[in-house]
Amino acid sequence: MVSLIKADWIRNCNGGSPASRSALWTQLSCVLHTRCPSEPGFSLGSNVQGHTKGIWMWCLPHPCQPGHTLVLLDTEGLGRVEKGDTKNDAWIFVLAVLLSSTLIYNSRGTIDQQALENLHYVLTLAEHIRLSKSPGESGAQLPAAAELAQFLPSFVWAVRDFTLQLEADGKELSEDEYLEQALKLRGGSSAEAESYDRLRECIRQFFPERRCFVFDLPASKRDLPHLEELPDDRMDPEFRQQLEKFCSYIWERSPPKTTPSGCKVTGHMLGTLAVSYVDAIQSGAVPCLESAVLALAELHNSAVVREAAALYRELMEQRATLPMETAQELHELHELCEQETLQLFTERAITDDIERFRVELLRQVEAARLEFCSRDERASHEKCKAALQELSREMEQRINNGGYLVPGGHRLFLGDQQALVERYRALPGKGVKADAVLQEFLQRTEPLARIIRYTDRALTEKDEQIKGLQAQNEKDKQEWQAESEREAEKLQQMEERAHRSEEEARQLRESLEKQGKKKSHSEGAHFGDVSQQQGTGIDWEAGIVVAVLAALCLFRTAIFVLVVLLAALFVHLVREWPNIFSCILGKLRNILWLQCKEYFIRKLTGFP
């Protein structure tokens, strides 16, 4: 029995190179050895004792598709005498069917009743395979053949050591027609007819897609024990032609191995399926396609979720330059990377229960986005902080030098701060934390700004007080200078008046001295009325002059006026009564003269 598993772009069970197809191989190992001589492959037995035990796996590069790997599974021979346990053969056959995309059954000689009866394991496939989880009831219904057939591999019957002619009723048959003739139903209601048709009906229903290939002896009987090392030119040409036809079909026509949902199976998934089926068999249960696929989907989709999430992080790392200029730009990049991530997930994930894994992927993508946003914010914060430190270096130096602790320093500080803010906002590539970092900077400088404002206010008030005092002093100085000028002018006028008064006094003294001399000559003489009147008139006039001069010397306007009035009155009275006042006038004249003389002496000498 040979089984071929085929799948596009999968990985082998060890997680190695990509594989595209795999096969389960038994008695036709020698055929594949001739096609892949560079690979050691399965060892071949040369005696009647069975050589292959259980199921062997052979991975080799695909002969026709570069970059793909062919995985061959070789089972031990079924129905060997030395085993004695047909149940083991049934489970091997079931595993081969479940793990294969193409099942190749190898028989010898012809397709006769005996060869068909050796395939009696087909009869129990429905008993050994369960499509879905059973409810646990003993009478659970077995899956129908048509329902099970869609999950079974294609079937190839390889007849080796074929020596007959492909003819029937004188008509040449093809290999496929030969197989269909062997599987033809007899019909009838007898027990023998039903037994004859039952096996054939199962093969026809379970394997609707089937092919047949026949092979002559590959070499002479003498070379058969060394077939593994036998060169191509030592093989039978007819066999080589048949082999080429067979291998071409296997390489090119074998369908990929898929899950019941149609998802292509990878090498890692194949290993998971094998473990799931073997565990079920060892536990005494029947392998369940649904359980196996669920386990496979859980493992595979979880791996796809991790791979897709890693792709998202990789794309974000490659395409983003931190910090991003705006949050919208980061969001658009996130949506683009998320779309590519979901596309990968959709292409790689198994569709069974895919929504649960999609939700998990979106959760991981969101977590990665939040982490990336956090990194972007940190990068933006650090860049903006460094930019502000560089821009504020000049201000800090001025602060340290006390440049703002002067009158008007707060206005100067605000101007420098506004210029710093404008230069900061003009810088490109600050990121999403540009405004927040700026606000933090302004909040940190707010206490300093208050101190500068209070200091500025105090210094300004003090400066205004000083300026007010200086203005008052200047005003007082000007007033003092004006007053000094006025005093000097007054002094000048007083000096001039004193000089004039002194001159007038001198002249008055000279006049009085002359009058005194005249008086001394006229004493003792008898004056007549006319002479008395004349002398009296002169005396009155002299008295009036003395009174006026005395008033001028005293600098009293009111007194001056009073004196003038009194003098006028006195003159009038004297004219009326000259004899009475003649004596009084002489006395007053003497008194006034003494007073004036004393005053002028005080003014001239400066004594009080």
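Calculation notes
- Residues numbered from 1 in each chain as written.
- Predicted model: local features only at pLDDT ≥ 70, side-chain atom pairs only at ≥ 80, totals over all residues.
- Heavy atoms only, no water.
- Helix = DSSP H or I, 4+ residues; strand = E, 2+ residues; numbered from the N terminus.
- Buried < 20%, exposed > 50% of the residue type's maximum accessible area, 1.4 Å probe, protein only.
- Contact = heavy atoms within 4.5 Å.
- Pairing = 2+ DSSP bridges.
- Salt bridge = Lys/Arg side-chain N within 4 Å of Asp/Glu carboxyl O.
- Arc of directions from axis to C-beta.
- Core = buried A, V, L, I, M, F, W, Y, C linked by side-chain atoms within 4.5 Å.

It is worth spelling out the overall build of the protein chain at this point. Check the secondary structure of the protein chain and you find 18 helices and 9 strands. Here the protein chain holds 608 residues, and 37% of them are scored as buried. Put simply, of all contacts in the protein chain between residues at least 6 apart along the chain, 69% involve residues at least 24 apart.

Most of strand β6 (residues 154-160) sits out of view: 6 of its 7 residues are buried. Here 7 bridges tie strand β5 (residues 102-108) to β6, and the two strands are oriented parallel to one another. In the sheet register, serine 107 faces β6, and the bridge partner there is valine 159. Across 5 bridges, β6 lies against strand β9 (residues 210-214) in parallel orientation. Within β9, the position partnered with alanine 158 by the bridge is phenylalanine 213.

Here the focus is the pattern of salt bridges. For the structure shown, the criterion picks out 17 salt bridges. Across the pair arginine 375 and glutamate 317 runs a salt bridge, and its minimum N-O distance is 2.4 Å. Remark: glutamate 317 occurs in helix α10 (residues 289-319) and arginine 375 occurs in helix α12 (residues 354-391); sequence separation between them is 58 residues. For glutamate 317, a relative accessible area of 43% gives the class partly exposed. The partner of glutamate 366 in a salt bridge is arginine 369, with the nearest N and O atoms 2.6 Å apart. On the criterion of helical spacing, the pair formed by glutamate 366 and arginine 369 is a turn pair, its members being 3 residues apart in helix α12. By sharing partners, the salt bridges in this structure join Arg108, Arg160 and Asp161 into a single network.

Within the secondary structure layout, aspartate 197 lies in helix α7 (residues 191-206). Discounting residues that sit within four places of it in the chain, aspartate 197 has contacts with Leu185, Arg186 and Gly187.

Within the element layout of this structure, threonine 341 appears in helix α11 (residues 327-348). Taking the relative accessible area as the measure of exposure, threonine 341 reaches 0% and is therefore buried. The residues contacting threonine 341, other than those within four sequence positions of it, are Ala308, Ala309, Leu311, Tyr312, Leu361 and Val365.

Here we come to helix α6 (residues 175-182). When α6 is considered as a whole, its buried residues turn out to be Glu175, Tyr178, Leu179 and Ala182. The arc that holds the buried residues of α6, viewed along the axis, is 95 degrees, so those residues lie on one side. Lining the buried residues of α6 we find α3 (113-117), β6, α7, β9 and α8 (237-253).

A separate point is the environment of isoleucine 104. Mapped onto the secondary structure, isoleucine 104 falls in strand β5. The exposure class of isoleucine 104 is buried, given its relative accessible area of 2%. With 50 residues separating them along the chain, isoleucine 104 and serine 154 place their C-alpha atoms 8.5 Å apart.

Moving on to the nonpolar core. Note on soluble globular proteins: their nonpolar side chains tend to be buried together. Val122, Leu125, Trp157, Phe206 and Phe207 are the most contacted members of the largest nonpolar core, which totals 55 residues. If one sorts the elements of this core by residue count, helix α2 (residues 86-99) sits on top with 9 residues. For tryptophan 157, the contacting residues outside a window of four places in its chain are Tyr105, Ser107, Ile111, Ala115, Leu116, Leu119, Leu179, Arg211, Cys212 and Phe213. Residues Ala308, Tyr312, Ala349 and Val365 belong to the second largest nonpolar core, which totals 22 residues.

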